[in-house]
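Close look at the chain arrangement
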Amino acid sequence: MRTHQYFFTALLLLLAFQQVPAQTVAQLSLDDANRWSAQNFPLLKQKQLAHEKALAGNSNLGSNFLPQLNFSAQASWQSAVTEVPTRIPIPGLEFPSINKDQYRALLDINQLVYDGGITRNQKELNELQALLKEEELNVALQQLREKINSLYLSVLLLDEQRKQTALNISDIDAGISKVDAQVKNGTAYRSNLAMLQSEKLKAKQRDMELQNDREGLINVLSLYTGKNIAPAAVLVVPPTPALFAADDISRPELQYYHLQDSLTQQQMDLVDGKLRPRLSLFANTGYGRPGLDMMKNEFSPFITTGVRLNWNISGFYTSKKERDIYEISRREIQTQQENFLQNTKSQLVQQQSNIKKLNNLLATDKEIIALKTQVKDAAKSQLENGVITASDYLREVNAEDQARQAQILHQLQLLQALLNYSTIAGK
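Below is a summary of the structure that appears in this document. Sequence order as written defines residue numbering, which begins from 1 separately in each chain. Per-residue local features of the predicted model are confined to residues with pLDDT of at least 70, and side-chain atom pairs are confined, for both listing and counting, to 80 or more; whole-chain, interface and lining totals are unaffected and use all residues. The basis for the side-chain values is all heavy atoms of the structure; hydrogens and waters are excluded.

Tallying secondary structure elements over the protein chain gives eight helices and six strands in all. For the purposes of this entry, the term helix denotes a DSSP run of H or I that reaches at least four residues, the term strand denotes a run of E that reaches at least two, and both are numbered from the N terminus. Tracing the protein chain from N to C terminus, the helices and strands come up as α-β-α-α-β-β-α-α-β-α-β-β-α-α. Looking at the protein chain as a whole, 35% of its 427 residues qualify as buried. For the protein chain, the proportion of contacts with a sequence separation of at least 24, taken over those separated by at least 6, is 84%. Within the structure as shown, the protein chain displays about 26500 Å² of accessible surface, and the carbon and sulfur contribution to it stands at 55%. Buried, partly exposed and exposed residues are distinguished by accessible area as a fraction of the type maximum, computed with a 1.4 Å probe on protein chains only: under 20%, between the cut-offs, and over 50%, respectively. Two residues form a contact once any of their heavy atoms are found within 4.5 Å. Accessible surface area values rest on a Shrake-Rupley calculation with a 1.4 Å probe, where residue burial reflects the displayed protein chains alone.

If you want it as structure tokens, here you go:
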């Protein structure tokens, strides 16, 4: 009975946990978005796989210095065997005849002592290749960061545009209230009221479009981060990054070029290693007929030991050309790095110019908005006094709205330019 109680209790707990919804993110920062998207990046698995591959390869290379065993067995028949001439008989001495069928079982043992540094160089080559894979991932993460920054700022822009749309609707509502009173008093045409109401509907439509666009971008951010971000989640405006010198670059591509150069140098060392002799110890033990004593026509065990030196001298024919090829590859890598640095510095200079331009635009945006607001407030008073029509009032309302929209756009463009500057430099 108690067992059944435990079973049902565990079942209820399991169902309760299954019904707990995934945690919803109600507030998001740019740092969190970048960190979560990096953790959720599918290519992140390649980093671990590359290191596992390097470890497996180095483990196999380590077996080069373990004793190498080889067993073989052979049975043969030959048409002639070694014979001692018997034309001159020697009293008391009889030479045995060798059988034409011969048998041998042999175990070869070889212990490598020195391989010219090939195994060590190959291990370092495997480790460099794993580091290259890791740096390729860092380059891909850099591109992902740029994409997340763009998505995040796009949502912030939509948020600011929705705020301005709400202010625009509020101004239109103020005009509707005044014109509605005039229509009731018979001092204004109903068409003026209809015009304001239609503009309000258009503004609401625009707000709906902005809201739908925002939800779409939030869904994309949820996909990249792997988090359940609420449609109405609050996105925190990131702090303004600081400017720094255009030559202060720490992009992952620079480390990638450095590792490529190291890899090419390691391949050149491997070529040199193949030119060195190989030293090993060996031992052969076996059993067969005949043994080492060819004149003893019976099965017997035998053993041979020694030192072996192998030197592939023909490698000198192609080693210089191979080194030349790798040297050309190194110069190509250096050229690619110089070209990358030049392009990156060029992008930073362009961003500096863009930042300066946006700062100047924002300085004038404030003045423009202040003037447009004065004109709109005056138009509101004139509308109330029947001096201007609703159409005239709407023109001034829209003019102020456009000025504020321009300021919002410039503010977000400046923030994006500063983030781009930081991202381009690899900060």
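Read on, since the account is not over.
What follows is about the packing of aromatic side chains. Planes of paired rings set the category: under 30 degrees apart is stacked, over 60 is edge-to-face and the rest tilted, where pairs are Phe, Tyr or Trp rings (Trp by its six-membered ring) whose centres lie within 6.5 Å. With the rule as written, the count across this model stands at four aromatic pairs. Three or more aromatic residues joined by ring pairs make a cluster, and in this case those are Y103, Y287 and F299. Between the NZ or CZ atom of K227 and the centre of the ring of W36, over which it lies, the distance is 5.1 Å. Stacked on the ring of F282, the Lys or Arg R308 has its end atom at 4.3 Å from the ring centre. When the NZ atom of lysine or the CZ atom of arginine is within 6 Å of a ring's centre and also within 35 degrees of its normal, the charge is said to sit over that ring.

Moving on, we get to the pattern of salt bridges. Just to be clear on terms, a salt bridge is a Lys or Arg side-chain nitrogen sitting within 4 Å of an Asp or Glu carboxyl oxygen. Inspection of the entire model under this criterion finds 20 salt bridges. One salt bridge in this structure joins E124 and R120, with 3.8 Å as the shortest N-O distance. Here E124 pairs with R120, and both are found in helix α4 (residues 118-185), just four residues apart, close to one helical turn. Judged by its relative accessible area of 30%, E124 falls in the partly exposed class. A salt bridge links D392 to R395, with the nearest nitrogen and oxygen atoms 3.1 Å apart. Placement of the pair is D392 and R395 together in helix α8 (residues 390-424), with a separation of three residues, close to one helical turn. Overall, the relative accessible area of 47% leaves R395 in the partly exposed class.

Glancing now at the nonpolar core. Core analysis: the biggest nonpolar cluster contains 29 residues, and L28, Y152, L221, I229 and L235 have the highest contact counts within it. Looking at this core, the elements that each hand over two or more residues are β1 (24-28), α2 (30-39), α4, α5 (190-225), β4 (228-235) and α8. Per element, the largest residue contribution to this core is eleven residues, and it comes from α4. The definition of a nonpolar core used throughout is a set of buried Ala, Val, Leu, Ile, Met, Phe, Trp, Tyr and Cys residues joined through side-chain atoms within 4.5 Å. Counting residues in each nonpolar core, the second largest holds 22 residues, with L125, L254, Y257 and L418 among its members.

The subject of this paragraph is a nonpolar patch on the surface. Patches here: salt-bridge-free residues with over 30% relative accessible area, like charges joined within 9 Å, nonpolar side chains (Val, Leu, Ile, Met, Phe, Trp, Tyr) joined within 5 Å. A contiguous nonpolar patch, built from V113, Y114, L279, L281, V307 and L309 and spanning about 540 Å² of accessible area, is present on the exposed surface. Those elements giving two or more residues to the nonpolar patch turn out to be β3 (101-114), β5 (278-289) and β6 (300-310). Structurally, L281 can be placed in strand β5. Given a relative accessible area of 42%, L281 falls into the partly exposed group.

Moving on, we get to the sheet that holds strand β2 (residues 68-77). Sheet strands associate in pairs through backbone hydrogen bonding, adopting either a parallel or an antiparallel arrangement. Two strands are said to pair when DSSP picks up at least two bridges between them. As summarised here, the arrangement of the four strands in space is β2-β3-β5-β6, forming an open sheet in which the pairing is antiparallel. Here the strands that pair on one side only, and so sit at the sheet edges, are β2 and β6. The sheet shows a mean angle of 20° between the axes of neighbouring strands, direction not considered. Bridge count between β5 and β6: eleven bridges; the pairing is antiparallel. Paired with N284 across the two strands is T304, which belongs to β6. The axes are straight lines fitted to the C-alpha atoms, using for helices just the contacting stretch, and the angles between their N-to-C directions are given from 0 to 180°.

With that settled, the discussion passes to α8. Any helix carries an expected span of 1.5 Å times its number of residues minus one. For α8, with 35 residues, the first-to-last C-alpha span of 49 Å sits near the 51 Å given by 1.5 Å per residue. A positive backbone phi angle near 85° is found at G426, which sits one or two residues after α8.

Now for the side chain of K376. Structurally, K376 can be placed in helix α7 (residues 316-384). Given a relative accessible area of 7%, K376 falls into the buried group. There is a polar contact of 3.3 Å between the side chain of K376 and the side chain of D171. In this structure, K376 is in contact with D171, Y393, E396, V397 and E400, ignoring residues within four places of it in sequence. Pairing of N or O atoms within 3.5 Å defines a polar contact, subject to two protein rules: one partner must be a possible hydrogen donor and the other a possible acceptor, and residues neighboring in sequence count only if both atoms are side-chain atoms.

The next thing to look at is the layout of surface pockets. Of the voids in this model, the largest pocket is the one considered here, and its volume is about 230 Å³. With a 1 Å grid spanning the protein atoms alone, the term cavity applies to any set of points in which a 1.4 Å probe fits but cannot get out, the term pocket to an open set with protein on both sides within 12 Å along at least five of seven lines, and the term lining residue to any residue with an atom within 4 Å of a point. In terms of lining, the largest pocket is formed by Q46, L49, A50, K53, A54, N126, Q129, A130, L132, K133 and E136. For the lining of the largest pocket, the secondary-structure elements that each account for two or more residues are α3 (44-62) and α4. With six residues, the top contributor of residues to the lining of the largest pocket is α4. Three classes are used: nonpolar for Ala, Val, Leu, Ile, Met, Phe, Trp, Tyr, Cys and Pro, charged for Asp, Glu, Lys and Arg, and polar for all others, with Gly counted as polar. Looking at side-chain class alone, the lining of the largest pocket contains five nonpolar, three polar and three charged residues. Grid points are joined across faces, edges and corners, and a volume is the space filled by probe spheres set on the points.

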